[in-house]
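# Descriptive analysis of the structure
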Amino acid sequence: LAVAQQGDRAAADRFFQQQNYAKALPIFLELQGQGVDPVLDYYIGICYLKADNYRSRALQPLARASGARLAGNTSVPLDVTFYFAKVLHLTGNYDLCLNQLGELLQKNDTTLPAIQSHMAEIRQLFNYVSAAREFGNSRKMKLLSGKIPPFAVNSHFNEWPGAVST
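### As for the environment of D41
With respect to the element layout, D41 can be found in helix α3 (residues 38-50). Between the C-alpha atom of D41 and that of L29, which follows or precedes it by 12 residues, the distance is 8.8 Å. Not counting residues within four places of it along the chain, the set of residues in contact with D41 comprises Q32, V36, P61, L62, R64 and A65.

### A word on the confidence of the model for the protein chain
Residues with a pLDDT of 70 or more make up 73% of the protein chain, whose mean pLDDT is 79. Of all helices and strands in the protein chain, the one with the weakest mean pLDDT is helix α7 (residues 113-116) (69), whereas α3 scores best (95). Below pLDDT 50 for its whole length, residues 154-166 participates in 3 contacts with residues either more than four positions away or in separate chains.

### Things to note about helix α2 (residues 21-32)
Taking 1.5 Å per residue as the helical rise, α2 with its 12 residues ought to reach 16 Å, and the 16 Å between its terminal C-alpha atoms agrees with that figure. Every buried residue of α2 is listed here: Y21, A24, L25, I27, F28, L31 and Q32.

### Section: unusual backbone geometry
A positive phi angle is found at Q19, which is not glycine, with a value near 60°. Within the secondary structure layout, Q19 lies in the loop between α1 (3-17) and α2. The class for Q19 is exposed, based on a relative accessible area of 58%.

### Topic: the pattern of salt bridges
Inspection of every chain in the model, using the stated rule, returns 3 salt bridges. Residues R9 and D13 are paired through a salt bridge, measuring 3.1 Å at the closest nitrogen-oxygen approach. Of this pair, R9 and D13 both sit in helix α1, 4 residues apart, which is roughly one turn of the helix. Residue D41 is joined to R64 by a salt bridge in which the shortest nitrogen-to-oxygen separation is 3.0 Å. Of this pair, D41 sits in helix α3 while R64 is found in helix α4 (residues 59-70), placing the two residues 23 residues apart along the sequence.

### A few points about the packing of α3 against α4
It is at 8 Å that the axes of α3 and α4 come closest, and there the two elements cross at 140°. Taken together, the axes of α3 and α4 lie oblique to each other. The chirality of how α3 crosses α4 is left-handed. Across the interface between the two elements, P38, D41, Y42, I44, G45, I46 and Y48 of α3 pack against P61, L62, R64, A65 and A68 of α4. Considering only residue class, the contact of α3 with α4 consists of 9 nonpolar, 1 polar and 2 charged.

Reading the values: rules and limits
- Residues numbered from 1 in each chain as written.
- Predicted model: local features only at pLDDT ≥ 70, side-chain atom pairs only at ≥ 80, totals over all residues.
- Heavy atoms only, no water.
- Helix = DSSP H or I, 4+ residues; strand = E, 2+ residues; numbered from the N terminus.
- Contact = heavy atoms within 4.5 Å.
- pLDDT = per-residue confidence, 0-100.
- Expected span 1.5 Å × (residues − 1).
- Buried < 20%, exposed > 50% of the residue type's maximum accessible area, 1.4 Å probe, protein only.
- Salt bridge = Lys/Arg side-chain N within 4 Å of Asp/Glu carboxyl O.
- Axes fitted to C-alpha atoms, helices over the stretch in contact; angles between N-to-C directions.
- Parallel < 35°, antiparallel > 145°, perpendicular 65-115°, else oblique.
- Left-handed = near helix turned anticlockwise from the far one by under 90°.
- Nonpolar A, V, L, I, M, F, W, Y, C, P; charged D, E, K, R; others polar.

The structure is reproduced here in structure tokens:
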């Protein structure tokens, strides 16, 4: 990296460590514009994840960073799989989320500090998403079998008494 870029990277890293993601994100994006780097994808994804209004934007950079880590790029932080699974959950990709979490739970590296700090949340997220997927699957089966109408049958609101009497 050029000297100016190293200064920018140091500033972005400092903002990131201070959890000032709003200031770190534009610097990481500018640095990423100068060439693809899966480590920058990791940081960009985390910044988007921590910004409530932009969580869905975290999906692509974290997918690239996670793919690079799986391909053997050890410069990408180990907890990228956890954050990728978290974004998959938040964007409704439950099957992919379960795959990522299952992979993470089956690996032997769950004892490493980068993962250990997330283990309670990983297990909770795995259980939650598993239950949500099972509920969704049972609901779909009931809809397909015709036991639950896809919309309210009572279109005139005269079949049941109102909750509040007038």
